[in-house]
Amino acid sequence: MAPRTNDSAPESGHGDEPTAPAERERGAGPAAATGTADVHGGDGGDGGPVGAGSNADPGGDGGDRDGHGGVGGGGHAVTGASGSGPGVASDTASGDPRVAAVRRVGAAGRRWRVAQLAGCAALLAVALTAGSIAVGATRDGGGTSTVAAAPAAVSPALLSSGGLDASIAALQAHLRAQPKDFGGWATLGLAYVEQARTKGDPSRYPQAEQALKRSLDLKPDNEQAVSGQAALAAARHDFKNALAYADQVLAENPYSERALCSRIDALVELGRYGDASKAAATADARRPGIPVFTRYAYVRELRGDVGTARRVLEHALTTASAPGDISYVASALGQLAWNQGDYKAALNHYARALAADENYLPALEGRARAQAASGDRAGAITGMEDVVSRFPLPGPLVELGELYEDRGGEGDRARAADQYALVDAWTALARANGVNADLDTALAAADHGDRKSALRAARAEWARRHTVHTADALAWALHVNGRDAEALPYARRATATGYHNASFLYHRGMIERATGHAKEARTSLRAALKLNPGFSPLGARAAREALEAAK
């Protein structure tokens, strides 16, 4: 069975020619992580985490890290937090003793910082608001233009500070009072993209499109709206247009953090990994910070350099202060640890993330996966049920279904079928709202649906972009349709970059087994289980059974 991982995280990249030795590139590492912007980090890598970014750069979208999308999956957010924000506290988060311990340790250190920072933050907010209005007035002819210069009532930073719904409501009220505020419309468009991603509601994408169009009608080619178009295109898996919009922004403002990161992500998703590596180096030189550091870490992970990836993320975490940034980076560390089979470390990182934001989806989902892998099936099911009750995305739905199947109790098969049916419903909703959901369809249907439709979807996705995840999805779809000889080259391509991914190794091993490559199959399956023995509730079991049968 195909394992599932974090919906809120990106599709990974790989080398330009995965079947050949990877080209060695000298790429600049994250400036702050290495102590200087000019320190090289060895082999250049490609890729970046979906949803990567900071609270200062709102407006994310879901992605395909480890093979499937979130809401509108595959597109990489330029921003960070994807949590649902404050509201009803998650019982499963607040009841975790690890979360409580992290909060106790952090509370004392935060108290003195709050007193110092509160006054500065208030003064800074006033200064930034006044500055944005003044700059806008100058650009628009000394304030005589009928086009408003910037959203004076609502700071875009609020969109990722935890109160997304409240911020959207405030933006809507502001725009009713000032309907010609092009910046406000652009910010609202980005907020709708983020809301679609975090709440599993692709119907927000048409609203985002309309808000961005309104902004562009008021002020053609304004940076905020074009950046929003890049985010929206990525969320809908339209990576060619996402790249075009990012390039359009960068032609006017080479230092736009959102556009720099969108460009990296689009290049990764298009399979242009050499270009993505260069784009990451450029972004690091121009705008070093958490969005670039997290992408750089994932680049290293994709090349198999887990140690560097971990060090970069650990450094990024030390620089993070906003809850959304802490949750995002800690969750990335949790995912990295989980990928290596270090479930204790993964649970600790997810506890750190949930101490900052107890409703942070990637941490809730990741913790449930780590619980399942470490033997706490009951805790994993409870946690994943909580996730899908609020965020019915393909990855958690499939994971919960497989957890039910693995438990095998009375009614569990029907419960699992219900989860898989919801994936189909989400896919239909996504497509109706302009989202290309072929990768989601291929991965879910290959194991739990119509195998022929899985193959059609995987072929369609491969025709658009050649990445390790699309290669893996196509290989597995071919396998379940009995076309193993055709599947094997794609499975080998998916595993050619050094990226430590147990599900890719498992798929390759099963395909090698089916094609008569018994020795290679044993090697691949053993490698999968050694790397991450709990990579999938059903896949790990199938791998062990295949190895046992080969004795």
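Since this is a predicted model, take the numbers as computed values, not measurements.

**A closer look at the overall build of the chain**
Here is step 1: The helix and strand inventory of the chain stands at 25 helices and 2 strands.
Here is step 2: Taking all 551 residues of the chain together, the buried fraction comes to 58%.
Here is step 3: Counted over contacts in the chain with a minimum sequence separation of 6, partners at least 24 positions apart contribute 67%.

**Regarding the nonpolar core**
Here is step 1: Core analysis: the biggest nonpolar cluster contains 136 residues, and Leu188, Tyr506 and Phe535 have the highest contact counts within it.
Here is step 2: Contact partners of Leu188, with chain neighbours within four places excluded, come to Ile168, Leu171, Gln172, Leu175 and Ala211.

**Remarks on the side chain of Ser503**
Here is step 1: Residue position: Ser503 is located in helix H23 (residues 502-514).
Here is step 2: Only 2.6 Å separates the side chain of Ser503 from the side chain of Asn501, close enough to count as a polar contact.

**Focus on helix H4 (residues 164-177)**
Here is step 1: Here H4 spans 20 Å end to end across 14 residues, near enough to the 20 Å set by a 1.5 Å rise per residue.
Here is step 2: The set of residues buried in H4 consists of Leu164, Ser167, Ile168, Leu171, His174 and Leu175. Around the axis of H4, the buried residues are gathered within 125° of arc, so they sit on the same side. Exposed side of H4, more than 90 degrees from the buried face: Ala166, Arg176 and Ala177 are the residues found there.

**A word on the packing of aromatic side chains**
Here is step 1: Under the defined criterion, the tally for this structure stands at 5 aromatic pairs.
Here is step 2: On the numbers, 5.3 Å between centres and 85° between planes, the contact of Trp462 with Tyr490 is edge-to-face. Taken together, the residues span a long stretch of sequence, with Trp462 in helix H20 (residues 451-464) and Tyr490 in helix H22 (residues 484-494) at a distance of 28 residues.
Here is step 3: With a relative accessible area of 11%, Trp462 lands in the buried category.
Here is step 4: Note on Trp476 and Tyr506: the rings are 5.5 Å apart at their centroids and 45° apart in plane angle, and the pair reads as tilted. Placement of Trp476 in helix H21 (residues 468-480) and of Tyr506 in helix H23 is noted, with a sequence separation of 30 residues between them. Grouping residues by exposure puts Trp476 and Tyr506 together as buried.
Here is step 5: Following the ring pairs from residue to residue traces out a cluster consisting of Tyr298, Tyr499 and Phe504.

**Focus: the confidence of the model for the chain**
The predicted coordinates ought not to be read in detail in places where the model reports low pLDDT.
Here is step 1: This prediction gives the chain a mean pLDDT of 76; 71% of its residues lie at or above 70.
Here is step 2: Summarising per-element confidence for the chain, the mean pLDDT is lowest in strand S2 (residues 40-43) (34) and highest in H23 (98).
Here is step 3: Predicted confidence for residues 32-92 stays below pLDDT 50, and this span has 305 contacts to residues more than four positions away or in other chains.

**Thoughts on the environment of Ala208**
Here is step 1: Relative to the helices and strands, Ala208 resides in helix H6 (residues 204-218).
Here is step 2: Leave out the neighbours within four places in its chain, and Ala208 touches Gly189, Tyr192, Val193 and Leu232.

**Digging into unusual backbone geometry**
Here is step 1: For Asp221, which is not a glycine, the phi torsion comes out positive at approximately 65°.
Here is step 2: Residue position: Asp221 is located in the loop between H6 and helix H7 (223-235).

**Description of the pattern of salt bridges**
Here is step 1: A full pass over the atoms with the stated rule returns 20 salt bridges.
Here is step 2: Between Asp217 and Lys213 there is a salt bridge, and its shortest N-O distance comes to 3.1 Å. Note that Asp217 and Lys213 are positioned in helix H6 at a spacing of 4 residues, about one turn of the helix.
Here is step 3: Residue Asp406 pairs with Arg541 through a salt bridge whose shortest N-O separation is 2.6 Å. Placement of Asp406 in helix H17 (residues 394-407) and of Arg541 in helix H25 (residues 539-549) is noted, with a sequence separation of 135 residues between them.
Here is step 4: Through salt bridges with shared partners, a single ionic network connects Glu269, Arg431, Asp438, Glu461, Arg464 and Arg465.

How each quantity is defined
- Residues numbered from 1 in each chain as written.
- Predicted model: local features only at pLDDT ≥ 70, side-chain atom pairs only at ≥ 80, totals over all residues.
- Heavy atoms only, no water.
- Helix = DSSP H or I, 4+ residues; strand = E, 2+ residues; numbered from the N terminus.
- Buried < 20%, exposed > 50% of the residue type's maximum accessible area, 1.4 Å probe, protein only.
- Contact = heavy atoms within 4.5 Å.
- Core = buried A, V, L, I, M, F, W, Y, C linked by side-chain atoms within 4.5 Å.
- Polar contact = N/O pair within 3.5 Å; in protein donor to acceptor, adjacent residues only side chain to side chain.
- Expected span 1.5 Å × (residues − 1).
- Arc of directions from axis to C-beta.
- Phe/Tyr/Trp six-rings, centres within 6.5 Å; stacked < 30°, edge-to-face > 60°.
- pLDDT = per-residue confidence, 0-100.
- Salt bridge = Lys/Arg side-chain N within 4 Å of Asp/Glu carboxyl O.

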